[in-house]
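For reference, the chains in residue letters:
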Amino acid sequence: MVTSRAYLENGRLGQGLADVRTEVGRLMSGFIANGAQPVEPAALLPAYVLIDLYGEDLRARAYTTHDPVEGELMLRPDFTVPVVQIHMANGASAARYAYAGSVWRRQEVGSKRPTEYLQAGFEVFGGNDPAADDAEVFAVLATALGDLPVMPVTGDLGLIFAAIDALDTNERRKGALRRHVWRPQRFKRLLERYSAKAPLSREREALLQSVKDGTAREIIENSGAAQGVRTIDEIAARAEILLSEKEAASLSEAAVTLVSSVLNLKSTMGTAAQELRKVAPMLGGAADQLDARAQALSDAGIDVSVLPFEASYGRTTLEYYDGFVFGFHAPDRPDLPQIAQGGRYDALTRVLGDGKGVPAVGGIIRPEAALALKGGAS
Amino acid sequence: MSVLKLGLPSKGRLQELTIDWFAERGITIERTGSGREYAGRVVGFDDIELVLLSAGEIPKELAAGRIHLGVTGQDLVHEKIPGWQDKITELTEMGFGHADLILAVPSNWLDVESIDDFDAVAAAFRAKHGYRLRIATKYHNLVREFLRGHGVADYQLVDSQGATEGTVKNLTAEAVADITSSGDTLVANHLKILPDGLILKSQATLFRSNVADWDEGIDTFGRLFHK
């Protein structure tokens, strides 16, 4: 129907539209009252920035279009990236932002999910007390949701990174694991490979032997015409890595168990640190951060004794959250997406800021979904 | 008046083999007009309209229901029609037009013999060169789905509508994902197939449109294959 919009039957004129506008205005005012300045990023963004950040998979999730002069453009799939860019370009060190507008997402065939929907968001940049900022963003969004029948859930991707750091293995393996935190199946495969010695193919044995004999370069040169951007040096360098990989000690069973018990950790925010210390005593730093966040949330008026915590929460969404993550879903309305969600993405700001990052945490509410949950703009 | 539209490849070896395949089943397809005219008929079936199309167009026509039956490659249907199972049914594989969609890398990449290696090389390549490893292909959807399924990161797809095997030599890609039947072209261009890089096995297939209007065509369809 032409009058319908995401999650709402009527929302494009009359009372339906008025309700949507009122809701968006209410959310924006709430964010601004918390010290945020309004920001309005472009809806058409250069595709290369986003693709470079998220990878080719994004093409299956966002709309691309082409301009003869500006090249490939992408309809804003979320606000985070352009807001970070605006913040970085502005040279500001600490700031709070509020925004509202449409985002566009391609959906899988047969999906009932909307391809265009509103987001209203609140972001905190450059704070020097991460726990307090995490708690503030969570509390601001929780307040904005008011008495809607939503269930919160929290997580912390920092735990996975801490567990990887603590592994007794080489930096290269840790790097590979970090890179695949957001792709659980490959992450698991890496762990398996690092913990068991799989037999090598005859060709691989021969290559590794040639590295030992110092004849690897020669063998690579004789294996086919050299072509392409990847040089023989690069191939030879990786052959050496493969040899050291073969000789590297396997991950112990205890180490693999540690990672999976951290990933499987479920508790409340109030007891998360304590539970983490139980399963992974060496992750004291991460546990301290959990404690500080629980305290800050408590100070912000959140009852952490009933706030669910799942260490793996947020692991399969777009790859940029790297610390605290949270969401609010509507248990009675499985047809609706999460009504609100957010998290910390310090690393993303470093990537977009050419190495100069700022601490950043934020979240969004889906105003149309919130209205649908309220009973809809009818 | 026609009640059933049959889409066939408009020319070449694929058309010849298709006509042979029907002939083996007692169905005579005749080209009409001059050899270059895209027209023909199914002998004894005045109510079947033969529609000669490029094999690449046939999936779209089936999905839109503008033809009832069509012969084309599975690769083209799977690539061009996301969620094709809802709109198109595979009736029978025809035993020719075999082609595999595969992932291939330069044959001197001795350090790469699996998708695991490929993923590791993609990470190292990006770190060294500052951009994602490029895979040249025209099968964007199938390749992306395959690599996502395998959790491969740090690659990008670059479009190549022809002479894809030459892209590595031309420095416009580091790897290719393309259709091959014998692998000869790959070998000639100093490329090797990754053993676990088989993305899709494809052959010429008779497809049925689920979207087309079958009210009148269903009887003719029955007569065509069961007479």
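Because the structure is predicted, anything quoted here is derived from the model rather than measured.

1. Re the overall build of chain A
Looking only at helices and strands, chain A has 15 helices and 12 strands in total. Counting only C-alpha atoms, chain A reaches 80 × 55 × 45 Å along its principal axes. Scored against the burial criterion, the 378 residues of chain A give a buried share of 40%. In chain A, the share of contacts with a sequence separation of at least 24, taken over all contacts with a separation of at least 6, comes to 69%.

2. Overview of the confidence of the model for chain B
Summary statistics for chain B give a mean pLDDT of 93 and a share of 99% for residues scoring 70 or more. Model confidence for the complex is summarised by a pTM of 0.87, with the ipTM given as 0.85.

3. Considering the domain arrangement of chain A
Here chain A is described as being made up of domain 1 (14–154 + 316–374), domain 2 (158–182 + 253–295 + 304–313) and domain 3 (197–249). For domain 2 of chain A versus domain 3 of chain A, the distance between C-alpha centres works out to 36 Å.

4. Points about the sheet that holds strand E7 (residues 99–106) of chain B
Residues and elements named next belong to chain B. In space, the 5 strands of this open sheet follow the order E9-E8-E10-E7-E11, with mixed pairing throughout. Edge positions in the sheet fall to strand E9 (155–159) and strand E11 (191–202), since each of these pairs with one other strand and no more. Going across the sheet, the axis of each strand differs from the next one's by a mean of 25 degrees, ignoring polarity. Pairing of E7 with strand E10 (residues 175–180), which is carried by 5 bridges, proceeds in the antiparallel orientation. Its bridge partner lying in E10, leucine 101 is registered against isoleucine 179. Where helix H4 (residues 115–129) meets the sheet, it contacts E7, strand E8 (133–137), E9 and E11, and its direction lies at approximately 115 degrees from that of E11.

5. Notes on the sheet that holds strand E3 (residues 64–67) of chain A
Residue and element names in this part refer to chain A. Taken in spatial order, the 3 strands line up as E2-E4-E3 in an open sheet, and their pairing is antiparallel. Pairing within the sheet leaves two strands with one partner each, and these edge strands are strand E2 (44–46) and E3. Sheet twist, expressed as the average angle between the axes of neighbouring strands with direction ignored, equals 40 degrees. Bridge count between E2 and strand E4 (residues 71–75): 3 bridges; the pairing is antiparallel. Looking at E4, one finds that leucine 45 is bridged to methionine 74.

6. Let's talk about helix H2 (residues 47–54) of chain A
Within H2 of chain A, the full set of buried residues consists of Ala47, Leu50, Ile51 and Tyr54 of chain A. One face of H2 of chain A carries all of its buried residues, which in axial projection span an arc of 95 degrees. Buried positions along H2 of chain A lie against E2, E3, E4 and helix H3 (80–89) of chain A together with E9 of chain B. Glycine 55 of chain A, located one to two residues past H2 of chain A, shows a positive phi value of around 90 degrees.

7. Observations concerning the interface of chain A and chain B
Residue-level contacts link 33 residues of chain A with 30 residues of chain B. Secondary-structure elements contributing two or more residues to the side of chain A that touches chain B are helix H6 (171–179), helix H7 (184–195), helix H8 (202–213), helix H9 (216–221) and helix H10 (232–247) of chain A. With 5 residues, the single largest contributor to the side of chain A that touches chain B is H10 of chain A. Here the residues of the side of chain A that touches chain B sort into 13 nonpolar, 9 polar and 11 charged.

8. Considering the nonpolar core
Across soluble globular proteins, nonpolar side chains show a tendency to be buried alongside one another. In terms of nonpolar packing, the biggest core is built from 93 residues, with Leu141, Ala163, Val262, Leu276 and Ile365 of chain A touching the most fellow members. Among the elements that make up this core, the one with the highest residue count is helix H4 (residues 130–145) of chain A (8 residues). Formed jointly, this core draws a minimum of three residues from each of two domains, domain 1 (14–154 + 316–374) and domain 2 (158–182 + 253–295 + 304–313) of chain A. What leucine 141 of chain A contacts, discounting residues up to four positions off in sequence, is Phe122, Ala340, Gly342, Gly363 and Ile365 of chain A. Of all hydrophobic cores here, the second largest spans 43 residues; its members include Leu208 of chain A together with Ala104, Phe118 and Val143 of chain B.

9. A short note on unusual backbone geometry
Residue and element names in this part refer to chain A. Phi angles above zero are rare outside glycine, and tyrosine 7 is one such case at about 65 degrees. Its location among the elements puts tyrosine 7 in the segment before helix H1 (14–33). You can call tyrosine 7 buried: it has 26 C-beta atoms within 10 Å.

10. Quick notes on the packing of helix H5 (residues 158–166) of chain A against H6 of chain A
Residue and element names in this part refer to chain A. Put simply, H5 and H6 touch, their axes get as near as 9 Å, and they point 165 degrees apart. Taken together, H5 and H6 sit at an angle that is classed as roughly antiparallel. In the crossing of H5 with H6, the sense of the turn from one axis to the other is right-handed. Judged by residue contacts, Phe161, Ile164 and Asp165 of H5 engage Lys174, Leu177 and Arg178 from H6. Residue composition of the contact of H5 with H6, grouped by class: 3 nonpolar, no polar and 3 charged.

11. Considerations on the environment of phenylalanine 207 of chain B
Residues and elements named next belong to chain B. Here phenylalanine 207 shows up in strand E12 (residues 204–209). Accessibility expressed as a C-beta count within 10 Å gives 27 for phenylalanine 207, which makes it buried. As for phenylalanine 207 and isoleucine 218, which are separated by 11 residues in sequence, their C-alpha atoms are 14 Å apart. Residue contacts for phenylalanine 207: discarding those within four places in its chain leaves Leu62, Leu69, Gly70, Thr72, Val77, Ile88, Thr89, Glu90 and Leu91.

12. Observations concerning the domain arrangement of chain B
Residues and elements named next belong to chain B. One can read the domain layout of chain B as domain 1 (4–97 + 204–226) and domain 2 (99–202). Distance between the C-alpha centres of domain 1 and domain 2: 32 Å. Listed per partner, the contact involves 7 residues of domain 1 and 8 residues of domain 2. For the side of domain 1 that touches domain 2, the leading source of residues is helix H3 (residues 74–80), giving 4 residues.

13. A few points about the packing of H5 of chain A against helix H13 (residues 284–299) of chain A
Residues and elements named next belong to chain A. Close contact between H5 and H13 brings their axes to 9 Å; oriented N to C, the two are set at 165 degrees. In this view, H5 runs roughly antiparallel relative to H13, as classed from their interaxial angle. Considering the relative orientation of H5 and H13, their crossing is right-handed. Of the residues in H13, those in contact with Gly158, Leu159 and Ala162 of H5 are Gly285, Ala286 and Gln289. Class assignment for the residues of the contact of H5 with H13 results in 3 nonpolar, 3 polar and no charged.

14. Details of helix H12 (residues 269–279) of chain A
Buried within H12 of chain A we find Met269, Gly270, Ala272, Ala273 and Leu276 of chain A. If you follow the buried residues of H12 of chain A, they end up packed against strand E7 (151–156), H5, strand E8 (266–268), H13 and strand E9 (308–310) of chain A.

15. What to know about the environment of tryptophan 104 of chain A
Residue and element names in this part refer to chain A. Note on placement: tryptophan 104 falls in strand E5 (residues 95–104). The class for tryptophan 104 is partly exposed, based on 17 C-beta atoms found within 10 Å. In the structure, tryptophan 104 is positioned 110 residues away from glycine 214 in sequence and 54 Å away in space, judged by C-alpha atoms.

What counts, and where the lines are drawn
- Residues numbered from 1 in each chain as written.
- Chains lettered and ligands numbered in written order.
- Predicted model: local features only at pLDDT ≥ 70, side-chain atom pairs only at ≥ 80, totals over all residues.
- Helix = DSSP H or I, 4+ residues; strand = E, 2+ residues; numbered from the N terminus.
- Buried ≥ 20, exposed ≤ 12 C-beta atoms within 10 Å, placed from the backbone.
- Contact = placed C-beta atoms within 7 Å.
- pLDDT = per-residue confidence, 0-100.
- Domains from an automatic or database assignment.
- Pairing = 2+ DSSP bridges.
- Axes fitted to C-alpha atoms, helices over the stretch in contact; angles between N-to-C directions.
- Arc of directions from axis to C-beta.
- Nonpolar A, V, L, I, M, F, W, Y, C, P; charged D, E, K, R; others polar.
- Core = buried A, V, L, I, M, F, W, Y, C linked by C-beta atoms within 7 Å.
- Parallel < 35°, antiparallel > 145°, perpendicular 65-115°, else oblique.
- Left-handed = near helix turned anticlockwise from the far one by under 90°.

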